[in-house]
Amino acid sequence: MEIYYESAYIKEFDAAVISCEKRKDGKYDLILDRTAFFPEQGGQSSDIGTITDAFKSHDVTHVSIKDGVIRHVIDEPLNEGEEVHGIIDWKHRFSNMQQHTGEHIFSGIVSSEYGYDNVGFHLSDTEVTMDYNGLLTPDNIRDIELKVNRAIWENVPVICEFPDEQTLKSLNYRSKKELSGDVRIVTVQGYDVCACCAPHVEHTGEIGILKVTGLQNYKGGVRINILCGRRALEYINCQQQIVDELSRQFTTSFDNIIPSVKKLSSENTDLKSELSTVKEKLIEYELKEIPSDKENVILVKDESTDGNSMRRIVNLLAQGHDGFCGVFAGSDEKGYKFVFSSGQKKKDLNEVIKVLREVFGAKGGGNAQMIQGSLSGIEISDVLEKIEEL
Ligand SMILES: [Zn+2]
């Protein structure tokens, strides 16, 4: 018997053990003659809590329902017929009630104002998502969010009941599927009528607040993330911490953070371009220091030298020297990238790539005038010595 249908506010209950069977994972499936634990269903995660026998308290880590039978997962076996006392983790349950009733009001407004159906719902300990089969803009969302919060401030009653067949037929209610048998109807007065088996708050004021935290296009419609009650407050606190930290970092008020970030970003772009100009100048000076009658010139740079700079260096070298002109960028520990260009005498670089590949296991290739690639697990002095012998 599901006590949560009598009232969503029953936090503790007495019950008798009907059966307790070992599961494949070594835990136990406990079936009671009555329970206030709401099982995982309809996209909502299950209640958690404890069940206490004559000796000790057992954690209920999950609750499921199949063919109307509710199973509580516990770590140790209990005896058939034993009397037990169940306690719902109320903080967890109440949060689920806040999220779920908030979702109903939101979906009710989306349905009445836009005609879209709620085609997906997911309520876990970390997120609440709803899917609708139509598009909503950020402006629509702000408007719906405000209306849901107005419904919360109005503190209207939420009524859960099993109407008789006659009454049910006359009702216009939202439902994800065709229902048969007893249908439980949840009415948020003035905002929504929907078939649902989950526990809800009795008055909308208990939801506290509803905040939309995400909107994305999804399967031709939209997926929306919301947070209600304490979860919304924790989210706002977390966001505020970020804003406070940014305010401190930029030593500015919160409304000046965005201009400060934009300014920093543009200064960074300018500095990068300035640095690249300076680096190029530096390379030119460095290359001028190399005696022009030196035939082969091979430089070793650190890993901050990128591919463009490497090509620029070898091109400049090749204009002023006769032999192999190359650059290795990297370190003995992390390996090197390399680029070579053939100088004024057009010496064949195929000889160089052959040695780099065969002796030092390099990857890469090219042609007689230009080669590039990478190599690792070598000492660069050995490589330079070998190339000098060519
Ligand atoms: Zn529902």
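Since we're looking at a predicted model, the values are computed, not measured.

## Overview of the packing of helix 1 (residues 90-114) against helix 4 (residues 229-250)
Line of reasoning, step 1. Packing of helix 1 against helix 4 leaves a shortest axis separation of 7 Å and a crossing angle of 90 degrees. Classified by the angle their axes make, helix 1 and helix 4 are roughly perpendicular. Packed against helix 1, whose contacting residues are K91, S95, N96, Q98 and Q99, the element helix 4 presents G229, R230 and R231 at the interface.
Line of reasoning, step 2. Across the contact of helix 1 with helix 4, the residue classes break down as no nonpolar, five polar and three charged.

## A word on the coordination of the zinc ion
Line of reasoning, step 1. All of the protein donors around the zinc ion are H100 (NE2), H104 (NE2) and C196 (SG); their distances to the metal are 2.1 to 2.3 Å.
Line of reasoning, step 2. In primary-sequence terms, the residues that donate to the zinc ion follow H-x3-H-x91-C. With H100 and H104 both in helix 1 and four residues apart, the pair spans about one turn of that helix.
Line of reasoning, step 3. Exposure remark for H100: the relative accessible area of 5% places this residue in the buried category.

## Points about the sheet that holds strand 9 (residues 128-132)
By way of backbone hydrogen bonds, the strands of a sheet pair with one another, either parallel or antiparallel.
Line of reasoning, step 1. One open sheet holds the four strands; their spatial order is 8-9-14-13, and the pairing between them is antiparallel. Looking at strand neighbours, the two that pair on one side only are strand 8 (118-123) and strand 13 (210-218), the edges of this open sheet. Each strand of the sheet is rotated relative to its neighbour by a mean of 20 degrees, with strand direction disregarded.
Line of reasoning, step 2. Where strand 9 lies against strand 14 (residues 221-228), four bridges are found, and the strand directions are antiparallel. Pairing of Y132 across the sheet is with V222, part of strand 14.
Line of reasoning, step 3. Across the sheet, helix 2 (residues 138-154) lies against strand 13 and strand 14, angled at about 150 degrees from strand 13, the strand it touches most.

## Here we look at the pairing of strand 15 (residues 297-301)
Line of reasoning, step 1. Burial within strand 15 is extensive, with four of its five residues counted as buried.
Line of reasoning, step 2. Pairing between strand 15 and strand 16 (residues 324-331): five bridges, direction parallel. Opposite V300, over in strand 16, you have F328 as the bridge partner.
Line of reasoning, step 3. Remark: the strand 15/helix 6 (residues 307-320)/strand 16 crossover connection has right-handed handedness.

## Side note on the pattern of salt bridges
Line of reasoning, step 1. The tally for this structure, following the rule as stated, stands at 19 salt bridges.
Line of reasoning, step 2. Close ionic contact of R312 with E280 constitutes a salt bridge, the shortest N to O distance being 3.9 Å. Of this pair, R312 sits in helix 6 while E280 sits in helix 5 (residues 257-288); the two residues are 32 residues apart in sequence, bridging distant segments of the chain.
Line of reasoning, step 3. In this structure, the salt-bridge partner of K334 is E303, at a minimum N-O distance of 3.7 Å. Of this pair, K334 sits in the loop between strand 16 and strand 17 (335-342) while E303 sits in the loop between strand 15 and helix 6; the two residues are 31 residues apart in sequence, bridging distant segments of the chain.
Line of reasoning, step 4. Residue K334 is classed as exposed on the basis of its relative accessible area, which comes to 64%.
Line of reasoning, step 5. Taking relative accessible area as the criterion, E303 reaches 49% and is therefore assigned partly exposed.

## With respect to the packing of aromatic side chains
Line of reasoning, step 1. Under the counting rule described, the total for this entry stands at 12 aromatic pairs.
Line of reasoning, step 2. Following the ring pairs from residue to residue traces out a cluster consisting of Y4, Y5, F38 and F162.
Line of reasoning, step 3. Geometry around Y218 places R223 over its ring, the cationic atom sitting 4.0 Å from the centre.
Line of reasoning, step 4. Of note, K347 hangs over the ring of F324, and the distance from its end group to the ring centre comes to 4.5 Å.

## Some words on the side chain of H72
Line of reasoning, step 1. Residue position: H72 is located in strand 6 (residues 69-74).
Line of reasoning, step 2. Given a relative accessible area of 0%, H72 falls into the buried group.
Line of reasoning, step 3. Engagement of the side chain of H72 in a polar contact is seen with the side chain of T35, the distance being 2.8 Å.
Line of reasoning, step 4. Beyond its immediate chain neighbours, meaning those up to four positions away, H72 contacts Y28, D29, L30, L32, T35, F37, I51, V60, H62 and V63.

## Here's the deal with the domain arrangement of the protein
Line of reasoning, step 1. Domain boundaries assigned for the protein yield domain 1 (3-88), domain 2 (93-246), domain 3 (261-289) and domain 4 (290-388).
Line of reasoning, step 2. Its C-alpha centre places domain 1 at a distance of 72 Å from the equivalent point of domain 4.

Conventions we followed
Residues numbered from 1 in each chain as written. Predicted model: local features only at pLDDT ≥ 70, side-chain atom pairs only at ≥ 80, totals over all residues. Heavy atoms only, no water. Axes fitted to C-alpha atoms, helices over the stretch in contact; angles between N-to-C directions. Helix = DSSP H or I, 4+ residues; strand = E, 2+ residues; numbered from the N terminus. Parallel < 35°, antiparallel > 145°, perpendicular 65-115°, else oblique. Contact = heavy atoms within 4.5 Å. Nonpolar A, V, L, I, M, F, W, Y, C, P; charged D, E, K, R; others polar. Donors = N, O, S within 2.8 Å, 3.2 Å for Na, K, Ca; no water. Buried < 20%, exposed > 50% of the residue type's maximum accessible area, 1.4 Å probe, protein only. Pairing = 2+ DSSP bridges. Right-handed = clockwise from strand over helix to strand, strands pointing away. Salt bridge = Lys/Arg side-chain N within 4 Å of Asp/Glu carboxyl O. Phe/Tyr/Trp six-rings, centres within 6.5 Å; stacked < 30°, edge-to-face > 60°. Lys NZ or Arg CZ within 6 Å of the ring centre and 35° of its normal. Polar contact = N/O pair within 3.5 Å; in protein donor to acceptor, adjacent residues only side chain to side chain. Domains from an automatic or database assignment.

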